[in-house]
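Observations on the three-dimensional arrangement
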Amino acid sequence: MSIHKPEIKRITTHQLQEMKNRGEKIAMLTAYDYSMAKIIDGAGIDIVLVGDSASNVMAGYETTLPITLDQMIYHAASVVRAVKRALVIVDLPFGTYQGSSVEALRSSIRIMKESGAHGVKLEGGSEVKDSIDRILSAGIPVMGHLGLTPQSIYKFGTYTVRAKEEAEANKLMEDAKLLQECGCFGVVLEKIPALLAKQVSQSLVIPTIGIGAGPDADGQVLVMQDMLGITKEFKPRFLRRYADLHTVITDAVAKYITDIKAKDFPNEDEKY
């Protein structure tokens, strides 16, 4: 007798748009490996972002700049193999889209073909319009990213809140509308004033995803290692820790070491 399993409905960019239209918030988390992606997908996350934050939390670099396209594809392919429901979006790493729209398209095609992901994300507004247009011309979904753009850290020199001044706020609003007009399916708003994020979200038809941008974006994203309390040093105001896995893992490893030293592991029940 076969047991009927309910069909898992894959999240699409169209469904994200419908979620915004009906006022349902969108939940997004980063993931970089098979095991963790499988867990968060099974928990019901809407979007999994294979972020260039892998440069920080997986490789230990100070910034997102060093991670390569090959490394992003490796992480993305691992995540895609685990995910059955969520939309999987992959960051285009620094240097793979800024200088040439042809290179941007080539990078995006590699991500889509070699990882099986469902779309790409890139930072910037008007300055990367040509790259966005060319990627979209190939039928590849694109998510924008405005506000604090970590790949430009050496230009700004700080991770402080962006767009507090009127001129920068106006440019961000213009860039958000430009991304929508280009055909982006959504835009991440990072570390900007909550009121500005609300204004941008209300002015756009497409969904916005906030991180450090207040409650009025159409969805929220956090880095999984931060949200689960695996990382301890990163403590921005916008981060809510939903677990303290750093302590849980540390205690478990300490107990494992103790049991081995005490010749308690493995015991009689744990040998063949």
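Keep in mind that what you see is a predicted model, and the values were worked out from it rather than measured.

1. Notes on the pairing of strand E6 (residues 186-190)
Of all five residues that make up E6, five are buried, and the element is covered over most of its length. A two-sided burial pattern is seen for E6, the buried positions comprising Gly186, Val188 and Glu190 on one face and Val187 and Leu189 on the other. When strand E5 (residues 142-147) meets E6, the two strands line up parallel, connected through five bridges. Within the sheet, the bridge partner assigned to Leu146 lies in E6 and is Leu189.

2. Thoughts on the pattern of salt bridges
Evaluated as defined, the whole model comprises 13 salt bridges. Among the salt bridges present, the one from Glu114 reaches Arg110, with a minimum N-O distance of 2.7 Å. Taken together, the residues span about one helical turn, with Glu114 and Arg110 both in helix H5 (residues 101-115) at a distance of four residues. Accessibility expressed as a relative area gives 27% for Arg110, which makes it partly exposed. For the salt bridge of Asp244 with Lys232, the shortest nitrogen-to-oxygen distance reads 3.3 Å. Here Lys232 lies in the loop between helix H10 (224-227) and helix H11 (245-261) and Asp244 lies in the loop between H10 and H11, a separation of twelve residues in the sequence. Each of Asp70, Arg110 and Glu114 takes part in one network of salt bridges that share partners.

3. Here's the deal with the UniProt feature "active site" (unreviewed entry) in the protein chain
The feature "active site" (unreviewed entry), as annotated in UniProt, sits at Glu190 in this numbering. Following the sequence through the fold, Glu190 ends up in strand E6. With relative accessibility at 12%, the residue Glu190 sits in the buried group. Every residue in contact with Glu190, bar those within four places of it in the chain, is listed here: His145, Leu146, Gly147, Leu148, Pro150 and Ile211.

4. Topic: the UniProt feature "binding site: 3-methyl-2-oxobutanoate" (unreviewed entry) in the protein chain
In the numbering used here, UniProt assigns the "binding site: 3-methyl-2-oxobutanoate" (unreviewed entry) feature to Asp52, Ser53, Asp91 and Lys121. In sequence the annotated residues extend across 70 residues, while in space they remain close, none of their C-alpha pairs exceeding 12.6 Å. By secondary structure assignment, the location of Asp52 is in the loop between strand E2 (47-50) and helix H3 (54-57). In contact with Asp52, not counting residues within four places along its chain, are Thr64, Ile67, Met72, Asp91, Glu123 and Gln151. Tracing the chain through its elements places Lys121 in strand E4 (residues 119-121). Judged by relative accessible area, Lys121 falls into the buried class, the value being 3%. With sequence-adjacent residues up to four places away left out, Lys121 is seen in contact with Leu49, Ile89, Val90, Asp91, Leu92, Met143, Gly144, His145 and Val188.

The rules behind these values
Residues numbered from 1 in each chain as written. Predicted model: local features only at pLDDT ≥ 70, side-chain atom pairs only at ≥ 80, totals over all residues. Heavy atoms only, no water. Buried < 20%, exposed > 50% of the residue type's maximum accessible area, 1.4 Å probe, protein only. Helix = DSSP H or I, 4+ residues; strand = E, 2+ residues; numbered from the N terminus. Pairing = 2+ DSSP bridges. Salt bridge = Lys/Arg side-chain N within 4 Å of Asp/Glu carboxyl O. UniProt positions renumbered as here; feature names shortened; annotations may be inferred. Contact = heavy atoms within 4.5 Å.

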